[in-house]
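Below, each chain spelled out in residue letters.
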Amino acid sequence: MSATLNAPSGTSASPTATGAVDYTTKIPNNVNLASDGRVLKALEQWHPGYIDWWMTMGPDGFQTSDVYLRTAVSIDPKGWAKFGYVKMPEYRWGILLAPQDENRLVNFGGHKGEKAWQEVPGEYRAMLRRLVVIQGDTEPASVEQQRFLGKTAPSLYDMRNLFQINVEEGRHLWAMVYLLHKYFGKDGREEAEGLLQRRSGDDDKPRMLGAFNEETPDWLSLFMFTYFTDRDGKMQLESLAQSGFDPMSRTCRFMLTEEAHHMFVGETGVGRTIERTAEAMKAAGIDDPYDIARIRALGVIDLPTIQKKANLHYSLSLDLFGSEISTNAANFYNSGLKGRFMETKIEDDHALTSATYPVLKLVNGEIRTVDEPALTALNMRLRDDYTKDCQGGVNRWNKILEKAGIKFAITLPSVAFHRHVGEFKAIKASPEGKLLTDEQWIKLRDQWLPSKSDGDFIASLMKPCWEAGKYAGWITAPKVGIDNKGSDFEYVKIHQA
Ligand SMILES: [Fe+2]
Ligand SMILES: [Fe+2]
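Conventions and cut-offs
Residues numbered from 1 in each chain as written. Chains lettered and ligands numbered in written order. Predicted model: local features only at pLDDT ≥ 70, side-chain atom pairs only at ≥ 80, totals over all residues. Heavy atoms only, no water. Donors = N, O, S within 2.8 Å, 3.2 Å for Na, K, Ca; no water. Helix = DSSP H or I, 4+ residues; strand = E, 2+ residues; numbered from the N terminus. Buried < 20%, exposed > 50% of the residue type's maximum accessible area, 1.4 Å probe, protein only. Expected span 1.5 Å × (residues − 1). 1 Å grid on protein atoms, 1.4 Å probe; cavity = no way out; pocket = protein on both sides within 12 Å on 5 of 7 lines; lining within 4 Å. Points joined across faces, edges and corners; volume = space filled by probe spheres on them. Disulfide = S-S within 2.5 Å. Nonpolar A, V, L, I, M, F, W, Y, C, P; charged D, E, K, R; others polar.

Visitor: Any chance you could explain the coordination of the iron ion (ligand 1) here in plain terms?
Guide: Each donor-metal-donor angle in an ideal tetrahedron of four donors is 109.5 degrees, and each such angle in an ideal octahedron of six donors is either 90 or 180 degrees. Every protein donor of the iron ion (ligand 1) is listed here as Glu-139 (OE), Glu-169 (OE) and His-172 (ND1), and their distances to the metal cover 2.0 to 2.2 Å. Taken in chain order, the donor set of the iron ion (ligand 1) reads E-x29-E-x2-H. Separating the iron ion (ligand 1) from the iron ion (ligand 2) is a gap of 3.5 Å, bridged by Glu-169, which donates to each. Of this pair, Glu-169 and His-172 both sit in helix α3 (residues 156–183), three residues apart, which is roughly one turn of that helix. Taken individually, Glu-169 and His-172 each receive the classification buried, so the pair is uniform in this respect.

Structure, rendered in structure tokens:
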């Protein structure tokens, strides 16, 4: 498709009851922006600042390349995307909400059973705005973290996936900015500006959450980030999709359809890295996964280092769930603004007035389970759901090793390991959850987290591999391509600026 402001081919030009996207306005949308002059104007005024941000903080050096991207053209779960070559600055970032269900109710908390709200309840305005801004802030942050990775892409396929994720995180920013402009008046506009001003890792104006100020220095980090940190995003979106504030729910439901691909890139990226390492070890007759120097000499990433990267990204992502015990979380729930993962599938009173939930706590220098009121333990519960969700892909990584006959298994470290938020932030613990003194931690840290020399080794492998069908030596080709194209398709036509 040509990279212009025209509709992607095959799309209808006007919104319909099935939720087709209106491409006649500058900002594609299915929220009837054309008849909402105030919001359309506000978004059109925000647009140049966004493009400016994208050009300075988005993928560095590839803004004139043609990238085989999917663009959302409908909200039908079966056929919402169209594929075609697009120059990223011309991507049609749009406002897409899942269809409105007239009969939807508030499904939990103190307002359970009321009709879902189409406007922001005045008493919850500040709380809701905070939820929108925190979610919104993570979206551009990850683009900033990943902006130099195109230069070391291990293949055009991987490069395309990176850029797909980047443009969609940009769209997620649009989704939150729409809510701010539409429902929060002047302070919403100010928050929307703020989202373009903070910068990942900046000393003066950092992004709001810790993991989004860390570096993503190499492709293994990117895959771990999209596996572990995008999955935190999934859990947050899932609980916001339960919101009694219907526009929030509808926005998050559509964002989740895009998010699935981000986690797929992470899971398969780590899996392909592990697979290549296993292949190389077998070909060289190396059985011992800890024979690190010989394995590295093969030009692949040794499994203990992959484990360290998993330890790092998992523990940073756990911090995103906040304190185990949180009155904010209880207030969000009571107010009907943020529910639990799969709220409507849970069989209980959805009010949690007398229920308890087991929480891991530090009691007299020991990690123990303590029953706490379920309402204040909602962050802990969501984090537990997250851990279960993480385990699935880890099991599939281990299947690859099992099949190759290599005696090594990736494990998720204890939730007490390497934490900066919550119950365990003040202590040091091993990945097995054993408490350590500071001296022990300093001595052992590099066995569990990537060291400077691990980083240097991985960096030495990060050489661009940009010929269609070629893959860097440390990673295997994917089993299937994107949009039924092969692994040798030219996913990016590079024109470097
Ligand atoms: Fe996102
Ligand atoms: Fe994402």
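Visitor: Even after reading the chapter, I still don't get helix α10 (residues 378–403), so can you show me in this structure?
Guide: Across its 26 residues, α10 extends 38 Å between first and last C-alpha, which sits within 8% of the 38 Å expected from 1.5 Å per residue. Positioned one or two residues after α10, Gly-405 has a phi angle of 75°, which is positive.

Visitor: Which parts of the structure should I look at to understand empty space enclosed by the protein?
Guide: Gaps left between atoms show up when a probe the size of a water molecule is rolled over them. By the definition in use, this model includes two cavities of 30 Å³ or more. If you add up the space inside the largest cavity, you get close to 110 Å³. For the lining of the largest cavity, the elements supplying multiple residues, two or more each, are α2 (125–145) and α5 (219–240). The biggest single contributor to the lining of the largest cavity is α5, with five residues. In this structure, the second largest cavity spans a volume of roughly 30 Å³.

Visitor: Teacher, can you tell me more about the state of the cysteines here?
Guide: In a disulfide, the sulfur atoms of two cysteines are held together by a covalent bond. One pass over the full model with this rule turns up zero disulfides. Free cysteine Cys-252: the closest other cysteine sulfur is in Cys-390, separated by 19 Å. By relative accessible area, Cys-252 is classed as buried at 0%.

Visitor: Help me understand the layout of surface pockets in this model?
Guide: Of the voids in this model, the largest pocket is the one considered here, and its volume is about 700 Å³. The wall of the largest pocket is formed by 31 residues, among which Gln-236, Leu-320, Phe-321, Phe-332 and Lys-338 lie closest to the centre. Every element with two or more residues in the lining of the largest pocket is listed here: α2, α5, α9 (327–334) and α10. Looking at the lining of the largest pocket, its residues break down into 13 nonpolar, 11 polar and seven charged. Forming the boundary of the second largest pocket are 19 residues, of which Gly-271, Arg-272, Glu-275, Ile-400 and Lys-479 lie nearest the centre. Residue contributions to the lining of the second largest pocket peak at nine residues, all from helix α6 (residues 246–283). For the lining of the second largest pocket, the per-class residue count stands at eight nonpolar, two polar and nine charged.

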